[in-house]
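Per-entry structural report
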Amino acid sequence: MKQYGETWASIILLIAAGFTGTLGFRLSIPVIAFLGRDILQLSAFLVSFFYSGYMVSRALSSITLGYIVDRVPKVIYLVPLFAAVFALTIYCYIYADNWIFIVLLRMVQGFLGGCIWPLVQYLVAQISPQNLKGRILSVYFALGSTGILLGNVVYATIVDYPLNHKLAISTSFFLVAALFMLTAIYLTRQRIAYYRRRERGSRISFEHPVLNVVFSGFLLALCVAFAFGDIVYIYVSEVLSLTRSDTALLLAFCSGLSICFSYIISWFADKGYERETLALTYILVVASIPLISIGSIYILPLGLTLALISIRAFHPLSRRYVALHCSMPATGIGAINMATNLGISLGLIVFSRAYDYLENVKTAFLGLKINYAPYILLIFAIPLIIFAVKLLT
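Residues numbered from 1 in each chain as written. Predicted model: local features only at pLDDT ≥ 70, side-chain atom pairs only at ≥ 80, totals over all residues. Heavy atoms only, no water.

1. Considering the confidence of the model for the protein chain
Considering every residue of the protein chain, the mean pLDDT works out to 84; 92% of them sit at 70 or more. Looking at the elements of the protein chain, mean pLDDT is at its lowest for helix 7 (residues 189–194), recorded as 63, and at its highest for helix 3 (residues 79–91), recorded as 94. (pLDDT = per-residue confidence, 0-100. Helix = DSSP H or I, 4+ residues; strand = E, 2+ residues; numbered from the N terminus.)

Below, the structure is given as structure tokens:
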């Protein structure tokens with residue numbers, strides 16, 4: 001009974017860590033985005049490197065650490081240390097005076113993030129009861145998304161604070177997350193100590209269905225990259241002519257809607273509609289791209305919300321599938337993290353470059369201004385349509 005209680009306490013603490021850690025890091029995103037755009041006068045293309053550099057570095061470390069944990073489970077004990085170091089790097093932006101410094105610091109954060117979040121997700125999946133894995137992972141990602149929402153709200157509240165105060169608040173939230181992780185891992189240490197993967201050799205190999213999930217995750221993330229990182233604040237602010245605080249609040253509203261609907265999709269997946277819900281995430285991506293090209297306060301947020309719903313529903317669906325069906329679960333979850341991170345990185349670079357070139361090229365249709373930059377992503381969305389049709393037929 002005691003072990004049962006400790007297991008649930010660990011799950012709750014890990015979910016809380018996901019919430020506070022995401023809030024802390026997400027709070028720093030608009031701070032650095034507007035620092036680069038307004039103070040350092042950088043192009044959208046250079047600003048996109050802030051988050052894409054983070055994602056590339058995280059992609060490489062996530063699959064590497066996952067592979068190591070499948071062989072040496074006690075490496076998970078280092079996660080709180082990685083989180084504490086990550087928290088300290090947030091405050092280091094106080095010294096940023098050029099884009100290269102910011103990109104390099106984001107890459108350090110990406111490496112640390114890849115050592116933290118895939119392993120936290122893996123641990124949640126491993127210690128959760130078999131019949132509740134999907135719903136617990138959905139709650140984990142839903143509260144992480146809530147952290148993004150509140151990060152935008154907090155930013156709108158402190159938008160006029162000095163830079164060092166904003167970064168100190170962001171750092172504090174992440175340090176709390178590190179403390180939650182430390183406590184959770186201590187409570188579940190016996191499960192970690194006695195977990196052993198069956199011997200399967202040293203070569204990484206995945207089943208064909210798992211590879212399909214990994215590849216579709218790459219494409220899906222690439223197509224919704226505009227909804228992530230620093231560039232979304234700049235794009236929404238400039239296309240809709242909004243202030244910084246209004247932009248953050250609008251993104252918080254979209255994030256809140258996406259949390260509700262993505263959880264509903266995950267609930268249907270737990271009820272046996274896994275193929276249908278996966279196909280729905282692909283369809284939502286394709287539908288979102290034309291909508292975010294329209295410079296309307298009513299339509300663009302709709303497209304952004306659909307994109308966020310798709311990626312947030314895909315997260316728990318994919319992790320649940322890998323945890324249940326992959327012979328190397330930690331490596332599999334790391335591979336999905338790597339694929340989605342690389343997809344977002346490439347998508348950010350493609351979208352921001354297109355926006356720099358086509359920022360002033362617009363078409364009026366039925367009184368609405370159409371921006372061409374998002375349509376470049378439709379090229380990568382075509383395979384997702386094929387995936388959706390294949391799943392449904």
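Once you've had a look at it, read on.
2. Some points on unusual backbone geometry
Its identity as a non-glycine residue notwithstanding, Gln41 has a phi of 55°, on the positive side. By the secondary structure assignment, Gln41 is in the loop between helix 1 (2–39) and helix 2 (44–71). We classify Gln41 as exposed; its relative accessible area is 61%. Of note in the backbone geometry, Ser241 takes a positive phi value of approximately 55° without being a glycine. On the accessibility criterion, Ser241 (64% relative accessible area) is exposed. (Buried < 20%, exposed > 50% of the residue type's maximum accessible area, 1.4 Å probe, protein only.)

3. Details of the state of the cysteines
All chains considered together, the criterion is met by zero disulfides. No disulfide involves Cys115; its nearest neighbouring cysteine sulfur is the one of Cys92, lying 17 Å away. Free of any disulfide, Cys260 has its nearest neighbouring cysteine sulfur in Cys254, separated by 12 Å. Judged by its relative accessible area of 48%, Cys260 falls in the partly exposed class. (Disulfide = S-S within 2.5 Å.)

4. Examining the packing of helix 10 (residues 244–270) against helix 11 (residues 274–292)
A pair of packed helices is characterised by two quantities: the angle between their axes and the separation of those axes. The geometry of helix 10 relative to helix 11 is characterised by a closest axis approach of 7 Å and an angle of 150° between their N-to-C directions. Put simply, helix 10 runs roughly antiparallel to helix 11. Note on element contacts: helix 11 touches helix 10 through Glu274, Thr277, Leu280 and Leu284, opposite Ile265, Phe268 and Ala269. For the contact of helix 10 with helix 11, the residue count by class is five nonpolar, one polar and one charged. (Axes fitted to C-alpha atoms, helices over the stretch in contact; angles between N-to-C directions. Parallel < 35°, antiparallel > 145°, perpendicular 65-115°, else oblique. Contact = heavy atoms within 4.5 Å. Nonpolar A, V, L, I, M, F, W, Y, C, P; charged D, E, K, R; others polar.)

5. As for the nonpolar core
Residues Tyr51, Ile116, Val120, Phe174, Met181, Phe226 and Tyr282 are the most contacted members of the largest nonpolar core, which totals 118 residues. Among the elements that make up this core, the one with the highest residue count is helix 4 (residues 99–127) (14 residues). Dropping the residues within four chain positions of it, Val120 is found in contact with Leu14, Val79, Tyr140 and Met181. Counting residues in each nonpolar core, the second largest holds five residues, with Leu284, Leu306, Ile309 and Ala313 among its members. (Core = buried A, V, L, I, M, F, W, Y, C linked by side-chain atoms within 4.5 Å.)

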